[in-house]
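Coordinate inspection notes
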Amino acid sequence: MNTSELKTQLNLNFQNRFSRLGSQFYTHLQPTPVKSPYLIAVSPSLLKQFEIDPAVTNTRDFVEVFSGNRVHHSSKPLATVYSGHQFGVWAGQLGDGRAILLGDLNASRAHETQSDLHEIQLKGAGTTPYSRMGDGRAVLRSSVREFLCSEAMAGLGIPSSRALCIIGSDQYTMREMPEKTAIVTRTAPSFIRFGSFEHWYYNNKPEQLQQLADFVIDNYYPHLKELANPYQELLKEVVKRTAELVAQWQCVGFMHGVLNTDNMSILGLTLDYGPFGFMDGFDPSHICNHSDSQGRYAYQMQPRIGQWNCHALAQALLPLIGDVDAAQDALSCYVEHYESSYLKKLRPKFGLRIELPGDQDLFDSYLDVMATTKTDFTLAFRILSKITSQASPQENALRDLFINRDELDQWLIRYRQRLQQENSIDAERSVQMNLVNPKFILRNYLAQQAIEKAEQKDFSEINRLRQILENPYAEQSEFESYAQQPPDWTAQLSVSCSS
Ligand code: AMP
Ligand code: MG
């Protein structure tokens, strides 16, 4: 089967912004077709943004274009080159080994008349010149996880690439064992990474480095153009966005799993979903990626790793910034910005409105009590909203989560005193807390159940989960079972880099 150009009824108009950078930055190529592709799931909210009629998603044209079996006539597909530090070590040239950029589509912004261009990539669309030893494919398991988590992050309000749809094929891809193949269509304003800059820096190509930086500034940070040192300002913005992103991850117990510099977005988005995980029982040293034996990317390491990665970016941008002090100055925002973002997000999680000295210690103490007996991270925050200013039977729901009840009770005394200090009103606080403490997260075992059904061609669970996770803060009492702690059998579930 040859990939052929499609004159389709699909009303898409790809623009090809990245192509303008020139051929050193990418390789034009066609996706490799898969056998008998079929639609698995779509994101209705993204379809709406791209003004794609849901009715067309059932057509052959849609499945052909988003499996990569045919190329839309307005698209000039390409794979981009980048490099990166993997697990702290310079890895040299990497690049899109299995993702193919179709081009940019216009997306309307909710409640706004303006629209934005978003890159559209097919992940798992076949080998590219950057595939190294890889087969260019992605398996159903990892594609379902990426699809669901991208949409879950959007629901949580955490910056992330998104996923428009998954297309499946019964063609097998070999991992530890043969698995079904799938292609995720993922979208982001840009997939440019820290490693895209490192590539030109370590190859000693200052012109390309500048060209890439100017491209990023022109397209994504145009307000920096007129400033005295736009490259220093670019670094500063990326540092701030990265710090803010990591703070958001910490507050929902999200672990990325592979925070290599080639997986770090220049726009501060969560990118490249692989062996990620959400915390179940709270353990700050939890490692979600089975392949990360040293725990470099453990939950508690993420803030420091975010900073380490910003240093790697600063190094790459140094020839443009021009002086070390200016780069240091930009980098120095990280700690302050992380700490203030983290506290700013944590305070409402505890239902507090005003800032008082000692708050950080109060928060840390709760996390410590949770950690001593691995209390469920999500429920420990969600159910905290049931605590009232006077002791009441309602609080048993929270006490039931903790084995170390004496410690919890000691902490609750302090918490109630703190609530009193701002004359907190129970009913109001409870409503506010439920707006920031999710009830539903993508627990590994929930994803696993959806994957197992999908292997049998039953996609209902993927759709149900996507729908629930779209509104993770809403009560949705009909889905109570999706908000529970994971059952015991899930303890053996593990995820590795293999995807
Ligand atoms: P990751 O850690 O998943 O972000 O991947 C690191 C690098 O390996 C990236 O350049 C990927 O494009 C590439 N890669 C991962 N899996 C495959 C695969 N199955 N085939 C080709 N390249 C891959
Ligand atoms: Mg990657």
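Residues numbered from 1 in each chain as written. Chains lettered and ligands numbered in written order. Predicted model: local features only at pLDDT ≥ 70, side-chain atom pairs only at ≥ 80, totals over all residues. Heavy atoms only, no water.

**Quick look at the UniProt feature "binding site: ATP" (unreviewed entry) in the chain**
According to UniProt, the feature "binding site: ATP" (unreviewed entry) maps to Gly95, Gly97, Arg98, Lys123, Asp135, Gly136, Arg186, Arg193 and Asp272 in the numbering used here. Topologically, Arg186 is positioned in strand 12 (residues 178-188). Judged by relative accessible area, which is 3%, Arg186 ranks as buried. Setting aside chain neighbours within four positions, we find Arg186 in contact with Ala99, Glu119, Ile120, Gln121, Lys123, Glu146, Arg162, Ala163, Phe191, Arg193 and Asp272. With respect to the secondary-structure elements, Asp272 resides in the loop between strand 13 (254-255) and strand 14 (277-278). If near-sequence neighbours (up to four positions away) are discounted, Asp272 is found in contact with Arg186, Arg193, His256, Asp262 and Asn263. (UniProt positions renumbered as here; feature names shortened; annotations may be inferred. Helix = DSSP H or I, 4+ residues; strand = E, 2+ residues; numbered from the N terminus. Buried < 20%, exposed > 50% of the residue type's maximum accessible area, 1.4 Å probe, protein only. Contact = heavy atoms within 4.5 Å.)

**Things to note about the UniProt feature "active site" (unreviewed entry) in the chain**
Under the UniProt annotation, the feature "active site" (unreviewed entry) is placed at Asp262. Tracing the sequence through the fold places Asp262 in the loop between strand 13 and strand 14. Judged by its relative accessible area of 6%, Asp262 falls in the buried class. Apart from the residues lying within four places of it in its own chain, the contact partners of Asp262 are Tyr82, Ser83, Gly84, His85, Gln86, Leu94, Arg193, Gly195 and Asp272.

**Side note on the pairing of strand 11 (residues 162-174)**
Sheet topology places strand 3 (residues 38-42) next to strand 11; four bridges connect them, and they run antiparallel. Directly across from Val42, in strand 11, lies its bridge partner Cys165. The pairing of strand 11 with strand 12 spans ten bridges and is classified as antiparallel. Opposite Ala163, over in strand 12, you have Arg186 as the bridge partner. (Pairing = 2+ DSSP bridges.)

**Focus: the pattern of salt bridges**
Evaluation of the coordinates by the stated rule reveals 31 salt bridges. Here Arg162 makes a salt bridge to Glu151, at a shortest N to O gap of 2.6 Å. Remark: Glu151 occurs in helix 3 (residues 140-156) and Arg162 occurs in strand 11; sequence separation between them is eleven residues. Overall, the relative accessible area of 16% leaves Arg162 in the buried class. For Arg416, the salt bridge is made with Glu395, and the minimal N-O distance between the two is 2.5 Å. Of this pair, Arg416 sits in helix 13 (residues 405-421) while Glu395 sits in the loop between helix 11 (377-382) and helix 12 (396-399), and the two are 21 residues apart along the sequence. Judged by its relative accessible area of 17%, Arg416 is buried. For Glu395, a relative accessible area of 10% puts it in the buried group. What you see here is one network of salt bridges that share partners, running through Lys123, Glu146, Arg186, Arg193 and Asp272. (Salt bridge = Lys/Arg side-chain N within 4 Å of Asp/Glu carboxyl O.)

**Points about the coordination of the magnesium ion (ligand 2)**
Coordination sphere of the magnesium ion (ligand 2), protein contribution only: Asn263 (OD1) and Asp272 (OD), at 2.0 to 2.1 Å. Note on Asn263: relative accessible area 10%, which makes it buried. (Donors = N, O, S within 2.8 Å, 3.2 Å for Na, K, Ca; no water.)

**Here's the deal with the packing of aromatic side chains**
Considering all chains together, one arrives at 29 aromatic pairs under this definition. Seen in terms of ring centroids, Phe350 and Phe381 are 5.4 Å apart; in terms of plane orientation they differ by 80 degrees. Their pairing is edge-to-face. Residue Phe350 is located in the loop between helix 9 (333-349) and helix 10 (359-372), and its partner Phe381 is located in helix 11; the two are separated by 31 residues in the primary sequence. The exposure class assigned to Phe350 is buried, which follows from its relative accessible area of 0%. Classification of Phe381 by relative accessible area gives buried; the value is 1%. Cluster of aromatic residues (ring-pair linked, three or more members): Phe282, Tyr299, Phe350, Phe363, Tyr366, Phe377, Phe381, Phe402, Trp411 and Tyr415. Across the ring face of Trp308, the terminal group of Arg296 is positioned such that the distance to the ring centre comes to 4.7 Å. The residue whose ring lies beneath Lys349 is Phe381, and the NZ or CZ to ring-centre distance is 4.5 Å. (Phe/Tyr/Trp six-rings, centres within 6.5 Å; stacked < 30°, edge-to-face > 60°. Lys NZ or Arg CZ within 6 Å of the ring centre and 35° of its normal.)

**Remarks on the site of ligand 1**
The environment of ligand 1 is made up of 17 residues, and the closest members are Gly95, Gly97, Arg132, Gly136 and Asn263. The separation between a nitrogen atom of ligand 1 and a polar main-chain atom of Gly136 is 2.8 Å. In this structure, an oxygen atom belonging to ligand 1 sits 3.3 Å away from a side-chain N or O atom of Asp272. Look at ligand 1: alone it shows 480 Å² of surface, and the protein chains cover 80% of it. Within the shell around ligand 1, the residues separate by chemical class into two nonpolar, seven polar and eight charged. Residues from two domains meet in the shell around ligand 1; each of domain 1 (3-190) and domain 2 (195-345) gives at least three. (Near = heavy atom within 4 Å. Polar contact = N/O pair within 3.5 Å; in protein donor to acceptor, adjacent residues only side chain to side chain. Areas by Shrake-Rupley, 256 points an atom, 1.4 Å probe, with all protein chains shown as cover. Nonpolar A, V, L, I, M, F, W, Y, C, P; charged D, E, K, R; others polar. Domains from an automatic or database assignment.)

**Digging into a negative patch on the surface**
Together, Asp364, Asp368, Asp406 and Glu407 make up a negatively charged patch on the protein surface. Elements supplying a minimum of two residues to the negative patch: helix 10 and helix 13. Take Asp406: it is sitting in helix 13. Judged by relative accessible area, Asp406 falls into the exposed class, the value being 60%. (Patch = residues over 30% accessible without salt bridge, like charges linked within 9 Å, V, L, I, M, F, W, Y side chains within 5 Å. Lys, Arg positive; Asp, Glu negative; His and termini not counted. Charge placed at Lys NZ, Arg CZ, Asp CG, Glu CD.)

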